[in-house]
Amino acid sequence: MKYALKEILYGRKKYILIELLLILLMFMVLFLSGLASGLGRAVSSAIETMDADSFIVDDSAEQLITVSSVRTSVLDELRAKGIQASPLDIQRMYIIRDGHSEKLNITYFAVEAGSFIEPETIEGTGLAASSARDPILLDDDFKLDGISLGDTVKDPATGLSFTVAGFVDDRMYGHTSVGYITIDSYTRLRQASDPMYEHIPHAIAVKGNADYGFEGNGLEVVPKQKIIEKIPSYTAEHLTITMIVWVLVIISAVIIGIFNYILTLHKQKQFGVMKAIGMKNTELAGMVISEVLIISLFAALISLALTFSMAAAMPEKMPFYLEVPNAVTVTAAFVLISVLSSMLSVINISRIDPMKAIGGGEE
Amino acid sequence: MSDKLLELKDICKSYRDGSGKRVILDKVSLTVGRGEFAAIVGPSGSGKSTFLSVAGLLLTPDSGNVLIGGKDVTDASKSERTMIRRRQLGFIFQSHNLVPYLTTADQLAIVQEKSMREKVKIRELLSELEIDDCRDKFPSMMSGGEKQRTAIARAFINDPDVILADEPTASLDAERGRLAVEMIRNEVRKRNKAAVMVTHDTRVLDLVDVVYRIDGGRLIPEAKSGEI
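Only a predicted model underlies this, so the values are computations on that prediction, with no experimental measurement involved.

Student: For this particular structure, what's the right way to read the overall build of chain B?
Tutor: Of regular secondary structure, chain B possesses six helices and ten strands. Dimensions of chain B along its principal axes, counting C-alpha atoms only, are 50 × 40 × 35 Å. Expressed as a percentage of the 228 residues in chain B, the buried residues total 58%. If you take every contact in chain B between residues at least 6 apart in sequence, the share linking residues at least 24 apart comes to 71%.

Student: When you look at the pairing of strand β3 (residues 37–41) of chain B in this model, what are you seeing that I'm missing?
Tutor: Two faces belong to every sheet, and in a regular strand the side chains alternate between them. Burial within β3 of chain B is extensive, with five of its five residues counted as buried. Residue alternation in β3 of chain B divides its side chains into two sets, Phe37, Ala39 and Val41 of chain B and Ala38 and Ile40 of chain B, and both sets are buried.

Student: In this structure, what is going on with unusual backbone geometry? I would like to understand it.
Tutor: Outside of glycine, negative phi angles account for most residues, and trans bonds account for most peptide bonds. Residues and elements named next belong to chain A. Positive phi, close to 65°, is recorded for Gln63, a residue that is not glycine. Within the secondary structure, Gln63 sits in the loop between β1 (54–58) and α3 (72–80). Look at Ser233: it is not a glycine, yet its phi comes out positive at around 75°. Residue placement: Ser233 occurs in the loop between α5 (224–229) and α6 (234–266). The partly exposed category is assigned to Ser233, whose relative accessible area is 35%.

Student: Even after reading the chapter, I still don't get the domain arrangement of chain A, so can you show me in this structure?
Tutor: Interface size is commonly expressed as the accessible area that is lost once the parts come together. Residues and elements named next belong to chain A. Under the domain assignment used here, chain A contains domain 1 (2–44 + 235–357) and domain 2 (71–201). Centre-to-centre, using C-alpha coordinates, domain 1 lies 47 Å away from domain 2. The interface of domain 1 with domain 2 comprises nine residues on the first partner and nine residues on the second. Here domain 1 meets domain 2 over a buried area of about 730 Å², counting both sides, of which 46% is carbon and sulfur. Together, Ala42, Val43 and Lys317 form the three largest contributors to the area buried by domain 1 at its contact with domain 2, with a combined 57%.

Student: Would you mind going over empty space enclosed by the protein with me for this structure?
Tutor: By rolling a water-sized probe across the atoms, one finds the places where empty space is left. Evaluation of the coordinates by the stated rule reveals five cavities of 30 Å³ or more. A volume near 80 Å³ is recorded for the largest cavity. Lining the largest cavity are Ile277 of chain A together with Arg85, Arg86, Leu89, Gly90, Phe91, Val111, Arg154, Ala155, Ile157 and Asn158 of chain B. Counting residues per element, the ones that place at least two in the lining of the largest cavity are α2 (78–87), β6 (89–92) and α5 (144–156) of chain B. With three residues, the top contributor of residues to the lining of the largest cavity is β6 of chain B. Within the lining of the largest cavity, the residues separate by chemical class into six nonpolar, two polar and three charged.

Student: I tried to follow the packing of helix α8 (residues 281–313) of chain A against helix α9 (residues 324–341) of chain A on my own but got confused; where do I start?
Tutor: Two quantities define a packed helix pair, namely the angle between the axes and the distance from one axis to the other. All names here are of chain A. Interhelical geometry of α8 versus α9 gives an angle of 155° and a closest axis separation of 9 Å. Between α8 and α9, the crossing angle belongs to the class labelled roughly antiparallel. Crossing geometry of α8 relative to α9 is assigned as right-handed. Facing Ile289, Val292, Leu293, Ser296, Leu297, Ala299, Ala300, Leu304 and Phe308 of α8, the residues of α9 in contact are Val324, Ala327, Thr331, Phe334, Val335, Ser338 and Val339. Residue classes in the contact of α8 with α9 are distributed as 13 nonpolar, three polar and no charged.

Student: What is the right way to look at the sheet that holds strand β5 (residues 71–72) of chain B in this model?
Tutor: Paired through backbone hydrogen bonds, the strands of a sheet run either parallel or antiparallel to each other. Residue and element names in this part refer to chain B. A sheet is described by the order of its strands in space; here four strands give the open sequence β2-β1-β4-β5, paired in antiparallel fashion. Of all strands in the sheet, those bounded by a partner on one side alone are β2 (20–33) and β5. Here strand β1 (residues 4–17) pairs with β2 via ten bridges, running antiparallel. Counted as the bridge partner of Ile11 is Val28 from β2.

Student: Just to check I follow, could you spell out the packing of aromatic side chains for this structure?
Tutor: The geometry of two aromatic rings is summed up by the distance between their centres and the angle between their planes. Residue and element names in this part refer to chain A. The full count for this structure, using the stated rule, is eight aromatic pairs over all chains. Considering the side-chain rings of Phe109 and Tyr173, the 5.5 Å spacing of their centres and the 70° angle between planes classify their relative orientation as edge-to-face. Residue Phe109 is found in strand β3 (residues 103–111), and its partner Tyr173 is found in strand β8 (residues 172–173); the two are separated by 64 residues along the sequence. The pair Phe109 / Tyr173 is uniform in exposure class, with both members buried. When the ring of Phe109 is compared with that of Tyr180, the centres are 5.6 Å apart and the planes differ by 65°; the resulting orientation is edge-to-face. Linking Phe109 in strand β3 with Tyr180 in strand β9 (residues 176–182), this pair joins segments that are 71 residues apart in sequence. By relative accessible area, Tyr180 is classed as buried at 1%. Seen from the ring of Tyr321, Arg41 lies directly overhead, with NZ or CZ sitting 4.1 Å from the centre. Over the ring of Phe167 we find Lys143; its NZ or CZ atom is 5.1 Å from the centre of that ring.

Student: Which parts of the structure should I look at to understand the interface of chain A and chain B?
Tutor: On the chain B side, the residues contacting the 25 residues of chain A number 27 residues. For the pair chain A and chain B, the summed buried surface comes to about 2,500 Å²; carbon and sulfur atoms form 62% of the total. The interface formed by chain A and chain B holds two salt bridges in total. Two residues, Asp106 of chain B and Lys6 of chain A, come together in a salt bridge whose shortest N-O distance is 2.7 Å.

Definitions and limits used
- Residues numbered from 1 in each chain as written.
- Chains lettered and ligands numbered in written order.
- Predicted model: local features only at pLDDT ≥ 70, side-chain atom pairs only at ≥ 80, totals over all residues.
- Heavy atoms only, no water.
- Helix = DSSP H or I, 4+ residues; strand = E, 2+ residues; numbered from the N terminus.
- Buried < 20%, exposed > 50% of the residue type's maximum accessible area, 1.4 Å probe, protein only.
- Contact = heavy atoms within 4.5 Å.
- Domains from an automatic or database assignment.
- Buried area = accessible area lost by both parts, 1.4 Å probe.
- 1 Å grid on protein atoms, 1.4 Å probe; cavity = no way out; pocket = protein on both sides within 12 Å on 5 of 7 lines; lining within 4 Å.
- Points joined across faces, edges and corners; volume = space filled by probe spheres on them.
- Nonpolar A, V, L, I, M, F, W, Y, C, P; charged D, E, K, R; others polar.
- Axes fitted to C-alpha atoms, helices over the stretch in contact; angles between N-to-C directions.
- Parallel < 35°, antiparallel > 145°, perpendicular 65-115°, else oblique.
- Left-handed = near helix turned anticlockwise from the far one by under 90°.
- Pairing = 2+ DSSP bridges.
- Phe/Tyr/Trp six-rings, centres within 6.5 Å; stacked < 30°, edge-to-face > 60°.
- Lys NZ or Arg CZ within 6 Å of the ring centre and 35° of its normal.
- Salt bridge = Lys/Arg side-chain N within 4 Å of Asp/Glu carboxyl O.

Now the structure itself:
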């Protein structure tokens, strides 16, 4: 490691150029990774962050909450068994700020006020604590549209008005920001267009053990991750961008391997001399691997710092979401693949004949 | 340990030359004892480098035996040969062949065996070879003579029994070349080592104990100490 570092410092101009290229590549990888997660979150964060482990849905709904309906008695049965369960309805609509005409997309999440699936507010009060008849908790992205606490927003299709009781953080569903309303408000919303409507929940969110004994009765218990994957466009978007990210990780790492291999080719005589004076292949391989490790680690750390700085300066509407564990996973994979790609140089070194040391010619 | 530090017995080595075979060494034998400095001269292509490569365990002979410190190492494995080269042989090359990104001290430290750190102090060795002021210099910052002395110091760092020098004066002027050979001779005398030098430079032959000429694949004694 010591000698690898000395070589890098000695040839700093050359290595700075290599580092620059790798930092840019790695930055692109992390940035795309953040966008991939951000886009993923824009589809699913309201479900991902929900304090539930699984959902009971209609088995003909193909695990999609919005087209499912579960008889209310199931909820009573679950609660009678002491299981934490709460009804959930999801409906995509749009709202209008009081006194404005601009339509804003929204996905209503109808929940029982004060239930475990109602999110914590970052501003204002929860649904239960609100004195309004029809309170709503909005994702804080709505603030960018000029909505403030206490404002009234209207559902133009039904004419129902909601009072903004609070704001919640990072709650998106199907690329739209979520608004949490009570089951009563949701029922009124539905009855405005269908007076005969009686509330039947789309799904029941459950906390804890997934074995409830409802399978086979037209219902199925679906784990949260499965529900997320079934949200329209989630899998297609997520897979595409994830694939791009990993292809870029591999390309960046292989570029390091190729640079390293070219440098090794230029140092054939030097390695020959080192072998002639008794240096072992393992020692030389150690130097080459250390060099790649230092270069890739440095590139990874700088690009991580760049990405997180960039993320902090990005517009809030940008769907960028990079969690430290994800960034570390991508970075660690990049470093690991870089080291693996340096094996090409190691093989080359093991084949260098120390006889190259004998005879004339400078390095 | 045997007083015969380097022995080559009936060494044959040939290379493929088109469809035929070109004999480079034909039953060559040489023994160099403790405190002895031998030089091998001969025209270009006569097999001097091949001879040195066989003696330095870089090449395996077609037949014959190589003994170092009395031990037959002809059939030693690749890794054993590497260790012998590191611990028992000191190589000095035609050009200095120093690692460009290492200072003089690091050039020595990178090959020094841990067990030798107490016995051979880098600072003392550099002082002995009068390059102590080059300790923290890179090869690009040194003169040709200083580089060659650093290469000599590298060959001495593990206190080897046998020193092998491949045209050590080739890249130096007459004065510096002579100084380099004197350093090898001093090491041989002072620490009772054996040395073999392949050279074209007849001006330094008075510094060795015995001179051999290699020609037609044969090693012929040319002169002994006092006759040179």
